Amino acid sequence: MISDEYLRNLTSFPDVRVLFCADLVPERAKAQAARYGVPGAGSAAQAAEHPDVELVVNLTIPAAHAEVGRQAVAAGKSVWNEKPLALDTAAGRGLLAAAARAGVRVGCAPDTVLGAGLQTARRLIDGGAIGEPQSALTLMQDPGPERWHHDPEFLFRPGAGPLFDIGPYYLSMLATLFGPADQVAALGRRSQHSRVIGSGPRAGTKFEAEVPTHVAALIAATLLLSFDSPLRRHGFVEITGTEATLSLPDPNRFDGEIRVRPMGRDAWETIPAAGATASRGLGVLDMARSIRAGTAHRASGELALHVLDTMEAVARSITAGTFERVPTTFETPDALPADWDPWAATIV
Ligand SMILES: NC(=O)c1ccc[n+]([C@@H]2O[C@H](COP(=O)([O-])OP(=O)(O)OC[C@H]3O[C@@H](n4cnc5c(N)ncnc54)[C@H](O)[C@@H]3O)[C@@H](O)[C@H]2O)c1
């Protein structure tokens, strides 16, 4: 499902060339290659071994992220994984260690943190617009993705659920704005064990939810992530600072307006977002440009490992009923310049 957005963008950026499409189901790879004018199609192993491929974009299901990533790294290729980085931090650490040994890079979704909305918010916060950031409140409530996804079972298994599937957008944003988390506490529940596929050829098929479908977590922020809500409310994010409150766009989007409400005012001031709105693929492009420039790429494997570690600590807290530590850390990436242009040709 998500390969369309990546392929549409990556085939339009002058700084990258898409050489090969791969899938477990060869017809799917062939169909996408034909649709986007990609010269080759076949298996993930063939993609990794392709002599001209430098970076593998891994859009498989979470259970395959680490294995497909390791295969690319073993062939000497950098890898971009869709989120989450891996099913657990042990596998994520293993992927990062293998990449470091092979001298290649790991990048990871979400790249919404590089979008105009969140980058503008970041520049405002860095510039002191809200004083010292203190806390955040985020809400994502949804009836569940089985209504629209044709193969939604993986979204209710370990590696997904609202925490691991949607959590990365909110947690990557919070990590980028607040720095690493150090401890978390959370409650989780499942309102229904059995879910029903709502669309596509398998509509009406029942399956079991294996993970919590409603999660309330405390980090520096208060987060609600739910697939059990009749009300659909996505992307509520408020950052409270010492001088003002900032209302952010949906961290699962690349654009959106930002609003600021200084202490003592009873109205919001709207600030337009400036930056890239090209959607998924921006992180891959930043990685490709950074490889050529020899600089650090922004949506890094280390940031994704910390986000995964935070989600695992949330899951542990739900089971144990205790506060849990988050041991990993990362370097906060540089903000993107407001005039960063995905369609400029910067690589000669
Ligand atoms: N669908 C969305 O809106 C969306 C949005 C953002 C991110 N994502 C992420 O993108 C990833 C893929 O999601 P999707 O919705 O596109 O799933 P999907 O089920 O539509 O596609 C996944 C594809 O991966 C293939 N695959 C599975 N294991 C493989 C392996 N070992 N080697 C090669 N191919 C393999 C499957 O055959 C399938 O074609 C997930 O990590 C998901 O979290 C999805």
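One can find the structure itself at the top, above this paragraph.
Now for a description of the structure that goes with this document.

Parameters at a glance
Residues numbered from 1 in each chain as written. Predicted model: local features only at pLDDT ≥ 70, side-chain atom pairs only at ≥ 80, totals over all residues. Heavy atoms only, no water. Helix = DSSP H or I, 4+ residues; strand = E, 2+ residues; numbered from the N terminus. Rg over C-alpha atoms; globule rule 2.2 N^0.38 Å. Buried < 20%, exposed > 50% of the residue type's maximum accessible area, 1.4 Å probe, protein only. Contact = heavy atoms within 4.5 Å. Areas by Shrake-Rupley, 256 points an atom, 1.4 Å probe, with all protein chains shown as cover. Lys, Arg positive; Asp, Glu negative; His and termini not counted. Charge placed at Lys NZ, Arg CZ, Asp CG, Glu CD. Phe/Tyr/Trp six-rings, centres within 6.5 Å; stacked < 30°, edge-to-face > 60°. Expected span 1.5 Å × (residues − 1). Salt bridge = Lys/Arg side-chain N within 4 Å of Asp/Glu carboxyl O. Pairing = 2+ DSSP bridges. Axes fitted to C-alpha atoms, helices over the stretch in contact; angles between N-to-C directions.

**Let's talk about the overall build of the protein chain**
When you go through the protein chain residue by residue, the secondary structure sums to nine helices and 16 strands. Expected size for 348 residues packed as a compact globule is a radius of gyration near 20 Å; at 20 Å, the protein chain falls within 12% of this value. Taking the principal axes of its C-alpha atoms as reference, the protein chain extends roughly 60 × 50 × 35 Å. Put simply, the protein chain has 348 residues, and 52% of those count as buried. When contacts within the protein chain are restricted to residue pairs at least 6 apart in sequence, those whose partners lie at least 24 apart make up 71%. Carbon and sulfur atoms provide 53% of the accessible area of the protein chain, an area that totals close to 15,500 Å². Averaging the locations of the 32 positively and 39 negatively charged side chains of the protein chain gives two centres separated by 3 Å.

**Observations regarding the packing of aromatic side chains**
Applying the stated criterion across every chain, the model contains three aromatic pairs. Ring plane angle 65° and centroid distance 5.3 Å describe the contact between Phe156 and Phe207, whose orientation is recorded as edge-to-face. Placement of Phe156 in the loop between strand 6 (133-141) and helix 7 (161-178) and of Phe207 in strand 9 (residues 206-208) is noted, with a sequence separation of 51 residues between them. Overall, the relative accessible area of 0% leaves Phe156 in the buried class. What links up through ring pairs into an aromatic cluster is the set Phe156, Phe207 and Phe227.

**Here's the deal with the environment of Arg147**
Looking at where Arg147 falls in the secondary structure, it is placed in the loop between strand 6 and helix 7. We classify Arg147 as exposed; its relative accessible area is 55%. A sequence separation of 56 residues divides Arg147 from Ala203, and the C-alpha atoms of the two residues are 8.9 Å apart. Setting aside chain neighbours within four positions, we find Arg147 in contact with Gly198 and Ser199.

**Quick word on helix 5 (residues 89-102)**
Between its terminal C-alpha atoms helix 5 stretches 20 Å, which fits the 20 Å expected from 14 residues at 1.5 Å a residue. Taken residue by residue, helix 5 has Thr89, Gly92, Leu95, Leu96, Ala98 and Ala99 as its buried positions. In this structure, the buried side of helix 5 is in contact with helix 4 (62-74), strand 4 (78-81), strand 5 (106-108) and helix 9 (301-320). Of the residues trailing helix 5, Gly103 is marked for its positive phi of about 70°.

**Describing the pattern of salt bridges**
Pairing is possible between side chains of opposite charge, provided their charged atoms come close. One pass over the full model with this rule turns up 15 salt bridges. In this structure, Asp126 engages Arg122 in a salt bridge whose closest nitrogen and oxygen atoms are separated by 3.6 Å. Of this pair, Asp126 and Arg122 both sit in helix 6 (residues 116-126), four residues apart, which is roughly one turn of that helix. Residue classification places Arg122 among the buried residues on the basis of a relative accessible area of 9%. Between Arg202 and Asp151 there is a salt bridge whose closest N-O contact spans 3.1 Å. Placement of Arg202 in the loop between strand 8 (194-196) and strand 9 and of Asp151 in the loop between strand 6 and helix 7 is noted, with a sequence separation of 51 residues between them. A network of salt bridges, in which partner residues are shared, links Glu146, Arg195 and Asp228.

**Points about the sheet that holds strand 13 (residues 244-248)**
A sheet is described by the order of its strands in space; here nine strands give the open sequence 15-14-13-12-6-11-10-7-16, paired in mixed fashion. Single-partner strands in this sheet number two, and they are strand 15 (269-271) and strand 16 (324-325). Relative to strand 12 (residues 233-241), strand 6 runs antiparallel, the two being bridged by seven bridges. Across the sheet, Ser135 pairs through a bridge with Thr240, a residue of strand 12. Helix-sheet contacts for helix 6 involve strand 6, strand 12, strand 13, strand 14 (258-262) and strand 15, and the interaxial angle to strand 13 is about 165°.

**Quick notes on helix 6**
The element helix 6 is extensively covered by neighbouring structure, given that nine of its eleven residues are classed as buried. By the burial criterion, the buried members of helix 6 are Ala116, Gly117, Leu118, Gln119, Thr120, Ala121, Arg122, Leu124 and Ile125. Contact partners of the buried residues in helix 6: strand 6, helix 7, strand 12, strand 13, strand 14 and strand 15. Of the residues flanking the end of helix 6, it is Gly128, one or two places downstream, whose phi is positive at about 85°.

Any functional reading would require information that these geometric values do not contain.
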